[in-house]
Protein chains: 2
Amino acid sequence: MSEFKQADHKLLVIPGPIEFSDPVLLANATPGTAHTSPAFIPVFGESLKLLRKVLESTEESGSQPILIAGSGTLGWDAVGVNLVQRGDEVVVLNTGYFGDSFAECLEIYGAKVNQVKAEVGDIPSDDAIIKALSSKPKVITITHVDTSTGVLSPAAHIASLVKKHSPDTLIVLDAVCSVASEEIKFDEWGLDVVISATQKGLGVPPGLSVVLASKRAVEVSEKLTPQGYYISWKKWIPIMKNYEAGKPSYFATPPVQLVYALNTSLKSITSKPISERVEAHKAASKYVKDELSAIGLDFVPKNRDIAANGMTAVRFPQGLKAPDVLPKLAERDIVVAAGLHKAIVTEYFRIGHMGVTAVDRQRGDLEKVINGIKEVLGKNKD
Amino acid sequence: MSEFKQADHKLLVIPGPIEFSDPVLLANATPGTAHTSPAFIPVFGESLKLLRKVLESTEESGSQPILIAGSGTLGWDAVGVNLVQRGDEVVVLNTGYFGDSFAECLEIYGAKVNQVKAEVGDIPSDDAIIKALSSKPKVITITHVDTSTGVLSPAAHIASLVKKHSPDTLIVLDAVCSVASEEIKFDEWGLDVVISATQKGLGVPPGLSVVLASKRAVEVSEKLTPQGYYISWKKWIPIMKNYEAGKPSYFATPPVQLVYALNTSLKSITSKPISERVEAHKAASKYVKDELSAIGLDFVPKNRDIAANGMTAVRFPQGLKAPDVLPKLAERDIVVAAGLHKAIVTEYFRIGHMGVTAVDRQRGDLEKVINGIKEVLGKNKD
């Protein structure tokens, strides 16, 4: 399907959006189709079911997938609108830029936010988390992968701390940059909300907010007056239940083509055990990090155990900055991302290795990136 | 580009989503592209400028286009979040389902809503509007085309009443089903906010919330604390200004492929005077309504002067309901929409004639619809 490749298309290896497969792009060009049509309803319904599968959840658990036109950020507002009331205490575990922003969002909805901040490149200590839980907050948020630092939070471990020290606290995982690239066991870990978007591990163009809410989270939302309209779960959950049951239903028009694209990607992702996909991302990450280590580069995360598998935040060699490196990579048709975290913004850059780039290694995307970096840094002659 | 036509694609003639042109669908399949890339920034920037042009506004007026991932409904929340504070008085002119819903949305944001309701198929009287304006509300909303009734509100006339009787009142036009199909003169009429979406007259897959705000509306929003995060204009306007100025900028990831698709459609739309496009929709509407009148059908709008040009709400012949007609049209690969307005839901159906269906008459879409209806109703032998 080379007709979809723009002549000037460059390899996109930022921490999202990522490279999309041709079948996904073709699905995004589905002709005009009614959001209530017999053609579309089963596609939407199946996508909801497959999303549960990717997150290792089950219908029996009562978990509720919610797909709404929007970006990943809309998921933060969904938490504020549907789970927070003025004065509610929320603990935000902060591993970078996205913790700051999530906290700012929740404060707009009246949350009393207690941020537990890690040093740049690190994660909050168990002691700090346990201390924050002592006040029994209503909600705790975890940024699974903060794309500003490339730090991977140990979500399963943190969830176990919450279950032990404050079991009524709702656990919200900001998984924008981890769904379908990092391990997430929604039911087993006892998560309450997973927030994501399509343009990262799910491998679908941006424009869909992806949420999975636990039965417990849905019950909490049902008792509140939502603080917004467009992302009110009271409005959307009946619609999602209808789509999943194969019935036409309308609240606001879903992004039909993006749902076709998501369905295509979800079917591909779930055609193999999700654990295989996670392993493929670990292998891709190991390749990238080993190669960059071998040429003497350092990483933003303090150690490999807390480094994301879907992206790498790598420090420039001493004396170099983004303008010395990124334009030269772009000349080689390789698009990486500049720094984002204010404290170190000029000191590092970011490489995404999610979706087809990580899983379909025959594409050679990773070798292209590594060779490009070696060339630009003059390390290709070793 | 017949490879984009699904084998089972049916002609989509509902009041949105509509049929999309092949170049627009191709643009929606643009490969993964960074939202901050030199490839994408000018495409986004140009789309903002062209949107102003479609709405007959100018940069000199200080009007601000805002494109965010979301559906048309998100625009209602944008008004609630950015222009309303608790206790503010808002007048909602109600010509159907979408007036009820807009009112419900604004009440969530604390607006004291005064609904001026028309009879089904009619518009509010001048006297009723003038009376509602006597309390000098902060905002008045007009549903330009209520797709539940097919009623077209005389927006220019209503705006002139507001200018005369309560000039400080902000005029919000819900133009989801009228942008690029009905006449809208943003600057000349003195509108403050136009809300729309991509899947109707703009001819682009659903998933983008489209807003144009006047300088005056932006100034009002700047003095408020926004009641949300994702659709805060304080967050987005600097981003939009940067895109328009050709600079990379990030708040939340825009739906890159949809912006390419919108850009493709906007360039096509603005390649001719917008008045020609409006006339084409009037001609399409006249053809449909004349043909349906000729076989004895009646319409929901009380007269042609207040009937939309982008859609037709038509009553079933006595004794027939949706299950007697719509499935038989679907068998003929024609998808129209059932009724939506509760008071008359079983009594009528809706035909969309926007975008390529109205403008590219060589497609023969309208003839196919009319012939299909005649066949199904047994009126093809006259």
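This is a predicted model, so every value here is computed, not measured.

**Looking at helix H8 (residues 215–222) of chain B**
Residue and element names in this part refer to chain B.
Next up, step 1: Taken as a whole, H8 has its buried residues at Ala 217, Val 218 and Ser 221. End-on, the buried residues of H8 take up no more than an arc of 100°, which puts them together on one face.
Next up, step 2: Where H8 is buried, its residues contact strand E2 (64–69), helix H3 (73–83), strand E8 (170–174), strand E9 (193–197), strand E10 (208–213) and helix H9 (233–244).

**Comments concerning the environment of Val 24 of chain A**
Residue and element names in this part refer to chain A.
Next up, step 1: Counting through the fold element by element, Val 24 comes out in helix H1 (residues 22–27).
Next up, step 2: Classification of Val 24 by relative accessible area gives buried; the value is 2%.
Next up, step 3: Once the C-alpha coordinates of Val 24 and Lys 381 are considered, the two residues, 357 residues apart in sequence, prove to be 38 Å apart.
Next up, step 4: Setting aside residues up to four positions removed in sequence, Val 24 forms contacts with Gly 203, Val 204, Pro 205, Ala 261, Thr 264 and Ser 265.

**Structural notes on the UniProt feature "domain: Aminotransferase class V" (unreviewed entry) in chain A**
Next up, step 1: Mapped onto this structure's residue numbering, the UniProt feature "domain: Aminotransferase class V" (unreviewed entry) falls at residues 66–348 of chain A.
Next up, step 2: Within the segment residues 66–348 of chain A, helix and strand shares are 39% and 18% respectively, and the terminal C-alpha atoms sit 35 Å apart.

**Brief notes about the relation of the copies chain B and chain A**
Related by rotation about an axis and a shift along that axis, the two copies of the chain form a pair.
Next up, step 1: You can overlay chain B on chain A at an RMSD of 0.0 Å; the transform is a turn of 180° with a shift of 0.0 Å along its axis. In short, the pair behaves as if placed about a two-fold rotation axis. The rotation axis passes nearest to the C-alpha of Gly 70 of chain B in chain B, at a distance of 2.3 Å.
Next up, step 2: Interface overlap between copies: 100% of the residues of chain B at the interface are likewise at the interface in chain A, consistent with a symmetric, same-surface contact.

**Observations regarding the domain arrangement of chain A**
Residues and elements named next belong to chain A.
Next up, step 1: As assigned here, chain A comprises domain 1 (2–20 + 273–376) and domain 2 (22–269).
Next up, step 2: Placing the centre of domain 1 and that of domain 2 at their C-alpha centroids yields a distance of 25 Å.
Next up, step 3: Counting residues at the interface gives 29 residues for domain 1 and 35 residues for domain 2.
Next up, step 4: Buried area between domain 1 and domain 2, summed over both chains or domains, comes out near 2700 Å², and the portion from carbon and sulfur atoms is 66%.
Next up, step 5: Connecting domain 1 to domain 2 are zero salt bridges.
Next up, step 6: Taken together, the links from domain 1 to domain 2 amount to eleven residue pairs in polar contact (both at pLDDT 80 or more).
Next up, step 7: Looking at the side of domain 1 that touches domain 2, the elements that each hand over two or more residues are helix H11 (274–294), strand E11 (311–315) and strand E14 (348–352).

**A few points about the interface of chain B and chain A**
Next up, step 1: Taken together, the contact pairs 57 residues of chain B with 57 residues of chain A.
Next up, step 2: A per-residue breakdown of the area chain B buries against chain A is headed by Pro 31, Tyr 229 and Tyr 230 of chain B, which together make up 15% of the total.
Next up, step 3: There are two salt bridges connecting chain B and chain A.
Next up, step 4: A salt bridge links Lys 235 of chain B to Glu 104 of chain A; the shortest N-O distance between them is 2.6 Å.
Next up, step 5: The interface formed by chain B and chain A includes eleven residue pairs in polar contact (both at pLDDT 80 or more).
Next up, step 6: Those elements giving two or more residues to the side of chain B that touches chain A turn out to be helix H1 (22–27), H3, helix H4 (97–108) and helix H10 (256–269) of chain B.
Next up, step 7: By residue number, the principal contributor to the side of chain B that touches chain A is H4 of chain B, which donates six residues.

**A look at the packing of aromatic side chains**
Residues and elements named next belong to chain B.
Next up, step 1: Applying the stated rule across the entire model yields 24 aromatic pairs over all chains.
Next up, step 2: Summarising the aromatic geometry, the rings of Phe 40 and Phe 44 are spaced 5.7 Å apart at their centres and angled 75° between planes, so their arrangement reads as edge-to-face.
Next up, step 3: When the centroid spacing of 5.3 Å and the interplanar angle of 15° are considered together, the rings of Trp 76 and Phe 102 count as stacked. Of this pair, Trp 76 sits in helix H3 while Phe 102 sits in helix H4; the two residues are 26 residues apart in sequence, bridging distant segments of the chain. Each member of the pair, Trp 76 as well as Phe 102, carries the same accessibility label: buried.

**Describing the side chain of Ser 221 of chain B**
Residue and element names in this part refer to chain B.
Next up, step 1: Along the chain, Ser 221 falls in helix H8.
Next up, step 2: Overall, Ser 221 belongs to the buried group, its relative accessible area being 5%.
Next up, step 3: For Ser 221, the contacting residues outside a window of four places in its chain are Asn 82, Leu 83, Trp 233 and Lys 234.

**With respect to the UniProt feature "modified residue: N6-(pyridoxal phosphate)lysine" (unreviewed entry) in chain A**
All names here are of chain A.
Next up, step 1: The feature "modified residue: N6-(pyridoxal phosphate)lysine" (unreviewed entry), as annotated in UniProt, sits at Lys 200 in this numbering.
Next up, step 2: Positionally, Lys 200 belongs in the loop between strand E9 (193–197) and strand E10 (208–213).
Next up, step 3: What makes Lys 200 buried here is its relative accessible area of 8%.
Next up, step 4: With sequence-adjacent residues up to four places away left out, Lys 200 is seen in contact with Pro 15, Gly 16, Ile 18, Thr 147, Val 176, Cys 177 and Met 354.

**Considerations on the packing of helix H12 (residues 322–331) of chain B against helix H14 (residues 365–376) of chain B**
All names here are of chain B.
Next up, step 1: The contact between H12 and H14 brings their axes to 10 Å, and the two run at 130°. By the criterion of interaxial angle, the relationship of H12 to H14 is oblique. Once H12 is placed against H14, the crossing between them reads as right-handed. Every residue of H14 that contacts H12 at Asp 324, Val 325, Lys 328 and Leu 329 is listed here: Gly 372, Ile 373 and Val 376.

**Observations concerning the sheet that holds strand E3 (residues 89–94) of chain B**
All names here are of chain B.
Next up, step 1: Here seven strands make up an open sheet; going across it, the order is E2-E10-E9-E8-E5-E3-E4 and the pairing mixed. Each of the sheet's edge strands pairs with one partner strand only, and the pair in question is E2 and strand E4 (112–117). Neighbouring strand axes in the sheet, compared pairwise and without regard to direction, differ in orientation by 20° on average.
Next up, step 2: The pairing of E2 with E10 spans six bridges and is antiparallel. Bridging across to E10, Ile 68 finds its partner in Ser 209.

Each value, and the rule that gives it
Residues numbered from 1 in each chain as written. Chains lettered and ligands numbered in written order. Predicted model: local features only at pLDDT ≥ 70, side-chain atom pairs only at ≥ 80, totals over all residues. Heavy atoms only, no water. Buried < 20%, exposed > 50% of the residue type's maximum accessible area, 1.4 Å probe, protein only. Helix = DSSP H or I, 4+ residues; strand = E, 2+ residues; numbered from the N terminus. Arc of directions from axis to C-beta. Contact = heavy atoms within 4.5 Å. UniProt positions renumbered as here; feature names shortened; annotations may be inferred. Least-squares fit on C-alpha atoms with pLDDT ≥ 70 in both. Domains from an automatic or database assignment. Buried area = accessible area lost by both parts, 1.4 Å probe. Salt bridge = Lys/Arg side-chain N within 4 Å of Asp/Glu carboxyl O. Polar contact = N/O pair within 3.5 Å; in protein donor to acceptor, adjacent residues only side chain to side chain. Phe/Tyr/Trp six-rings, centres within 6.5 Å; stacked < 30°, edge-to-face > 60°. Axes fitted to C-alpha atoms, helices over the stretch in contact; angles between N-to-C directions. Parallel < 35°, antiparallel > 145°, perpendicular 65-115°, else oblique. Left-handed = near helix turned anticlockwise from the far one by under 90°. Pairing = 2+ DSSP bridges.

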